[in-house]
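Report on the structure
Each chain is listed here by its residues.
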Amino acid sequence: MAKFTPISGFPEWTPAERLTEKRIIHSIERRFELYGFASIETRSIEPLDVLLSKGDDKEIYVIKRLHADPDAQGGQDEGAVGLHFDLTVPFARYVLEFQHALSFPFKRYQIQKVWRGERKQEGRYREFYQCDVDIIGQGSLPLAYDIELPRLLYEVINELPIPNAVIKINNRKVLEGVYRGLGIEDIEGTLRVVDKLAKIGPDEVLAQLQVQCSLTQKAAQACLALGQIHGHDATFVEKVKALQVEHPLLDEGLEELCAVLNGCKDLPSGAVEVDLSIARGLNYYTGTVYEGYMVGHEHIGAVCSGGRYDNLAKGGRQPLPGIGVSIGITRILGYLFGRKLLTPVKGTPVDVMVILPDEVSRDAAFAVAQTLRRRGISTDVYHLPQNFGKQMKAAEKRGVRYVLFMGNSDGESHQIKDLVSGDQYEIDIEQWLPETDVSHFNLKGAK
């Protein structure tokens, strides 16, 4: 038998796991649409210079033809392109390209695969689904949308069969205002170091701030103290002011962050938390930023994230500020499947398996199946006329809940056997409906 070498970071699910993934994606789509977001898809590749201006060059997969295109002008292929590493950058390009056909503020959701050259570790993949929602304004974008998105994230995640999540929020203006007030020049470098606080700890952050960002010990300690501030109410403002740093950008950021926190106050206690270590590594964020962590499983990192990017979509007739969040559904499912915390109950879309008594009955079995299918009931016919016990066992192994025994021309009715309850009863195939499995999933102790 041939041996296959798996490629790290490219997950492949079993049929049951894939069905679980599809149902979760459908649940997310439904919630996005309830909030007024429209679905789009963008191409998988973007010009390499665009990708490099927004992301780390180590994470971008470059695409080129194995052989040069002989029809290309000058014998040259098209300009260098790469696979998109997120959905926000291509969305910004899409908005610029199609702005004449869009109505602003434009609310879109996009669920597609992205590719990222991640290092091998738990919860990190090189090919994975992102579930994004973004809102783009024309000229301006009200702060109300900064409030809408964490509320949406909370509803989406708590509707799914995954652990509850806490949504942590911050504002880049708060961080940059303090840094500028301290006289720090390397703003981006400082942001990147502080953003690693939960991963590498305070001592290492303090060391990196002094060595990599060339900060004085006093400035580094102030940045670390700022990053350690968190809370569920506006008392965090006093902790920031206790640092005795002043800058107009800081005041603006604190005002915006308080408004977002206040706009989420009716959510359950602990659902939204201010965490001033959250900076987001991508350099296009300019205001509110978000990260969501599964409660009890914080060690795998953020499972949803995003923020405001006032300057990402450049080149339009007017400024096109935006805000968006992304849910890392592959990271969530890979972790839960791997830890056996999420077990799909049903590994097939089939509701009913028609038992095949003999080869002569195959046409009749197909006719019964078609009757059920016309009524929206997923139905299959067993492939061989084996004994009934083997057929039922095979259906159960496949995850089918109901088997159907056909009636005959002597007036015997069709019968359904429920493989879950063991009940067997006569049915009218023009009226019968399967019991809906509303849970779809079996979640082991995660909620």
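The model shown is predicted, which means the values in this text are computed figures rather than measured ones. (Residues numbered from 1 in each chain as written. Predicted model: local features only at pLDDT ≥ 70, side-chain atom pairs only at ≥ 80, totals over all residues. Heavy atoms only, no water.)

When we look at burial in helix α8 (residues 202-211), the residues that qualify are Val205, Leu206, Gln208 and Leu209. Within α8, the buried residues cover an arc of 170° as seen down the axis, which keeps them to one side. Across α8 from its buried face, at more than 90 degrees, point the exposed residues Asp203 and Val211. At its buried positions, α8 is contacted by α6 (187-194), α7 (197-200) and α9 (217-227). (Buried < 20%, exposed > 50% of the residue type's maximum accessible area, 1.4 Å probe, protein only. Helix = DSSP H or I, 4+ residues; strand = E, 2+ residues; numbered from the N terminus. Arc of directions from axis to C-beta. Contact = heavy atoms within 4.5 Å.)

Turning our attention to the sheet that holds strand β18 (residues 424-427). An order of β15-β14-β16-β17-β18 is seen for the 5 strands of this open sheet, with the pairing classed as mixed. The outermost strands of the open sheet, each flanked by one partner alone, are β15 (379-381) and β18. Between one strand and the next, the sheet's axes are offset by a mean angle of 30°, whatever the strand orientation. Alignment of strand β14 (residues 352-354) against β15, held across 3 bridges, turns out to be parallel. (Pairing = 2+ DSSP bridges. Axes fitted to C-alpha atoms, helices over the stretch in contact; angles between N-to-C directions.)

A regular strand carries its side chains on alternate faces of the sheet. Burial runs high along strand β6 (residues 127-136): 10 of the 10 residues are buried. Both faces of β6 are covered, namely the face carrying Glu127, Tyr129, Cys131, Val133 and Ile135 and the face carrying Phe128, Gln130, Asp132, Asp134 and Ile136. Of the strand pairs in this sheet, strand β5 (residues 106-115) and β6 are connected by 10 bridges, and their pairing is antiparallel. Bridge assignment links glutamine 112 to a residue of β6, and that residue is glutamine 130.

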